[in-house]
Amino acid sequence: MNIIIMGPPGAGKGTQADFIKAAFPIPHISTGDMFREAVANGTELGKEAKKYMDGGQLVPDEVTIGIVKERLAQPDCKEGFLLDGFPRTTVQAEALAQVLADMGRKVEAAINVAVPDEVLIERITGRVSCSNCKTVYHTKFKPPAQAGKCDKCGGELVQRSDDTGETVRKRLVVYAAQTKPLLEYYEKQGVLHDINGNRDTREVFADIKRLLENL
Ligand code: AP5
Ligand code: ZN
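Keep in mind that what you see is a predicted model, and the values were worked out from it rather than measured. (Residues numbered from 1 in each chain as written. Chains lettered and ligands numbered in written order. Predicted model: local features only at pLDDT ≥ 70, side-chain atom pairs only at ≥ 80, totals over all residues. Heavy atoms only, no water.)

Turning next to empty space enclosed by the protein. Overall, the coordinates contain one cavity of 30 Å³ or more when judged by the stated rule. When its volume is computed, the largest cavity comes out at roughly 40 Å³. As for the largest cavity, its lining consists of Ile65, Val68, Lys69, Leu72, Phe86, Ala95, Leu96 and Val99. Of all the elements in the fold, those that place two or more residues in the lining of the largest cavity are helix 4 (61-72) and helix 5 (90-102). Taken together, the residues that form the lining of the largest cavity break down as seven nonpolar, no polar and one charged. (1 Å grid on protein atoms, 1.4 Å probe; cavity = no way out; pocket = protein on both sides within 12 Å on 5 of 7 lines; lining within 4 Å. Points joined across faces, edges and corners; volume = space filled by probe spheres on them. Helix = DSSP H or I, 4+ residues; strand = E, 2+ residues; numbered from the N terminus. Nonpolar A, V, L, I, M, F, W, Y, C, P; charged D, E, K, R; others polar.)

This is how it looks when you write it as structure tokens:
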């Protein structure tokens, strides 16, 4: 199962990816999570990525393609993968197609989680996540039992540094200019599936599950 989950910032890609990996035995590969981990670990990659992420810009293609190639070569990706947040440019999509072709594989489904812009801003600005176990919450749509504390581990809930004001708007502009054109790229290949993401998370997942079971 070689799957991509796409959609604008805040559409619920990470939320749906958690449901998908619980129901299907494939690794979840999020380039955003990989960069955030590198930032937290203070690596060279993290230092480089942070400059772009905090400005709402994309990390350069060569850097991003490099880490995804390395990840897809790991043994746990043999039976498939769920890519989240990659590809985000035409150059990345073409690099992915080439890497997969070299392995005799291809993208089987590109799931596009569609959500209107005004809803995206409310979702992103209300998002908080656990500084310890990374569980994602929303102050209004998925509040923790005790404000500011993780239900699972009691860790402190924090906001992502790119989830405020101007950076959020910049990310939406970058999405529209650089990533949205990829929908047409996958539609032409006959693998694009639009899912209405502006519903309860379980309703959204029910549609995704049906789609994946019928692949
Ligand atoms: P990345 O981490 O990929 O961020 P993103 O695409 O902006 O997506 P988000 O993580 O903001 O949102 P999501 O769709 O996962 O939503 P979530 O499920 O959390 O990338 C960050 C940065 O890294 C980029 O800006 C770039 O700099 C860099 N980067 C990453 N990949 C790259 C690449 N390939 N190339 C270059 N640079 C790259 O949900 C959002 C909130 O809404 C949560 O609080 C959640 O609880 C809530 N929610 C979710 N679904 C629902 C629902 N149905 N109803 C109500 N609330 C909901
Ligand atoms: Zn936690």
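Our next topic: the sheet that holds strand 3 (residues 81-84). With respect to topology, five strands assemble into an open sheet ordered 2-3-1-4-8, the strand pairing being parallel. Both outer strands of the open sheet, strand 2 (28-30) and strand 8 (192-196), are each paired with one neighbouring strand and no more. When the angles between neighbouring strand axes are averaged without regard to direction, this sheet yields 20°. Pairing geometry for strand 2 and strand 3, over three bridges, is parallel. Note that in strand 3 the partner of Ser30 across the bridge is Asp84. Against the sheet, helix 2 (residues 31-41) makes contact with strand 2 and strand 3, and its axis sits at roughly 65° relative to strand 2, the strand it touches most. (Pairing = 2+ DSSP bridges. Axes fitted to C-alpha atoms, helices over the stretch in contact; angles between N-to-C directions. Contact = heavy atoms within 4.5 Å.)

The next thing to look at is the packing of helix 4 against helix 5. Describing two packed helices takes the angle between their axes plus the distance from one axis to the other. Taken N-terminus to C-terminus, the directions of helix 4 and helix 5 make an angle of 25°; their axes are 10 Å apart at the nearest point. On the basis of their axis angle, the class for helix 4 and helix 5 is roughly parallel. Taken as a pair, helix 4 and helix 5 cross one another with a handedness that is right-handed. Between helix 4 and helix 5, the residues in contact are Asp61, Thr64, Ile65, Lys69 and Leu72 and Val91, Gln92, Ala95, Leu96 and Val99, respectively. Considering only residue class, the contact of helix 4 with helix 5 consists of six nonpolar, two polar and two charged. (Parallel < 35°, antiparallel > 145°, perpendicular 65-115°, else oblique. Left-handed = near helix turned anticlockwise from the far one by under 90°.)

The environment of ligand 1 is made up of 33 residues, and the closest members are Thr15, Thr31, Gln57, Arg88 and Arg127. At 3.2 Å, a backbone N or O of Ala11 approaches an oxygen atom of ligand 1. At a separation of 2.6 Å, an oxygen atom of ligand 1 approaches a polar side-chain atom of Arg127. Here ligand 1 loses 94% of its free accessible area of 1,100 Å² to cover by the protein chains. At the level of secondary structure, the elements contributing two or more residues to the shell around ligand 1 comprise helix 1 (13-23), helix 2 and strand 6 (136-138). Examining the composition of the shell around ligand 1, we find that four residues originate from one element, helix 2, more than from any other. (Near = heavy atom within 4 Å. Polar contact = N/O pair within 3.5 Å; in protein donor to acceptor, adjacent residues only side chain to side chain. Areas by Shrake-Rupley, 256 points an atom, 1.4 Å probe, with all protein chains shown as cover.)

Moving on, we come to the environment of Tyr185. Assignment of secondary structure puts Tyr185 in helix 8 (residues 181-188). A C-alpha to C-alpha distance of 24 Å links Tyr185 and Pro27, two positions 158 residues apart in sequence. Ignoring anything within four residues of it in the chain, the contact list for Tyr185 reads Ala93, Glu94 and Ala97.

For the zinc ion (ligand 2), the protein coordination sphere consists of Cys130 (SG), Cys133 (SG), Cys150 (SG) and Cys153 (SG), at 2.2 to 2.3 Å. Metal-centred angles of 98 to 119° between the four donor atoms at the zinc ion (ligand 2) mark the site as tetrahedral. Along the chain, the residues donating to the zinc ion (ligand 2) fall in the pattern C-x2-C-x16-C-x2-C. On the accessibility criterion, Cys133 (34% relative accessible area) is partly exposed. (Donors = N, O, S within 2.8 Å, 3.2 Å for Na, K, Ca; no water. Tetrahedral: all angles 85-135°; square planar, octahedral: opposite > 155°, others 65-115°. Buried < 20%, exposed > 50% of the residue type's maximum accessible area, 1.4 Å probe, protein only.)

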